Amino acid sequence: MKIIAIGRNYAEHAKELNNPVPAVPVIFMKPDTALLKDNKPFYHPEFSADIHHEIEVVIKISKEGKHIAEKFASAYYDEIGIGIDFTARDIQQKHKEKGLPWELAKSFDNSAPVSKFIPKTQFPDLYNIDFHLEVNGKTVQQGNTKDLLFSFERIIVFVSQYITLKKGDLIFTGTPAGVGKVNIGDHLAGYLTGEKLLDFYVR
Ligand code: MG
């Protein structure tokens, strides 16, 4: 499986990092070794002094497809969960300044904690899903899928022009504003429509 992630998909987050709001989706990938499941602890890597949390709604691809048309795109994902796109902001910043790809800042081991997945049919409106992240009991990021710049369907259409999507692939759909540093000992809890699905510690 592969993990595809969308950058700058909420306008307020693009602004907080002084990035322009994109005209087409910004995408990057994480390898399968980035996955962190079952609320296992995240071990803070030593190569970064500024690992940021980015809470994101994650969709799971349900069948293989390429060049998917928008009218069929909703048939290509069947489950939704929540995840964190851990980002080594210091490494990313250095690479951005040099105009280099920021792969290392995004693709390291365990940089993609994900919750269990819920059938999308359980959500009355996929574009009115509240989600938020608490660090040590305090809400630090909150978003709603109504504010997505690129919908799940548009992401699927765009990505599948270039990359074949396969069953089980995950798409991290972008983070709202409020990203920030995590520290050893922090307790992170991620909620989707009020249900706590992510619940783990930074060690
Ligand atoms: Mg992100």
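Criteria and thresholds
- Residues numbered from 1 in each chain as written.
- Predicted model: local features only at pLDDT ≥ 70, side-chain atom pairs only at ≥ 80, totals over all residues.
- Heavy atoms only, no water.
- Pairing = 2+ DSSP bridges.
- Helix = DSSP H or I, 4+ residues; strand = E, 2+ residues; numbered from the N terminus.
- Axes fitted to C-alpha atoms, helices over the stretch in contact; angles between N-to-C directions.
- Buried < 20%, exposed > 50% of the residue type's maximum accessible area, 1.4 Å probe, protein only.
- Salt bridge = Lys/Arg side-chain N within 4 Å of Asp/Glu carboxyl O.
- Polar contact = N/O pair within 3.5 Å; in protein donor to acceptor, adjacent residues only side chain to side chain.
- Contact = heavy atoms within 4.5 Å.

(A) Region of interest: the sheet that holds strand 14 (residues 187–192). Overall, antiparallel pairing links the four strands, which are arranged 11-10-14-15 in an open sheet. Two strands bound the open sheet, and with one partner strand each, they are strand 11 (138–144) and strand 15 (195–201). Mean inter-strand twist for the sheet, computed between neighbouring axes without regard to direction, equals 15°.

(B) Representation of the pairing of strand 10 (residues 130–135) within the structure. Of all six residues making up strand 10, five are buried, and the element is well covered by its neighbours. Bridge count for strand 10 against strand 11 is six bridges, and the pairing is antiparallel. Within the sheet, the bridge partner assigned to Asp130 lies in strand 11 and is Asn144. Here strand 10 hands over to strand 11 after two residues, with Asn136 in that stretch at a positive phi of 50°. Pairing between strand 10 and strand 14: five bridges, direction antiparallel.

(C) Layout of the pattern of salt bridges. Across all of its chains, the model carries 10 salt bridges by this definition. Measuring nitrogen to oxygen at the nearest pair gives 3.2 Å for the salt bridge that ties Lys15 to Glu12. One end of the pair is Lys15 and the other is Glu12, both in helix 1 (residues 11–16) and three residues apart, which spans about a single turn. According to the relative accessible area criterion, Lys15 is exposed, its value standing at 52%. Residue Asp147 pairs with Lys146 through a salt bridge whose shortest N-O separation is 3.9 Å. We classify Asp147 as partly exposed; its relative accessible area is 41%. By relative accessible area, Lys146 is classed as exposed at 55%.

(D) Here's a closer look at the sheet that holds strand 2 (residues 26–30). Reading across from one edge, 2-1-12-5-6-9 is the order of the six strands in this open sheet, with mixed pairing throughout. Looking at strand neighbours, the two that pair on one side only are strand 2 and strand 9 (118–119), the edges of this open sheet.

(E) Broad picture of the side chain of Thr145. Along the polypeptide, Thr145 turns up in the loop between strand 11 and helix 5 (152–162). Side-chain polar atoms of Thr145 contact the backbone oxygen of Leu126, separated by 2.8 Å. Sequence-distant contacts of Thr145, that is, excluding residues within four places in its chain, are made with Tyr10, Val57, Leu126, Tyr127, Asn128, Ile129, Phe131 and Phe152.

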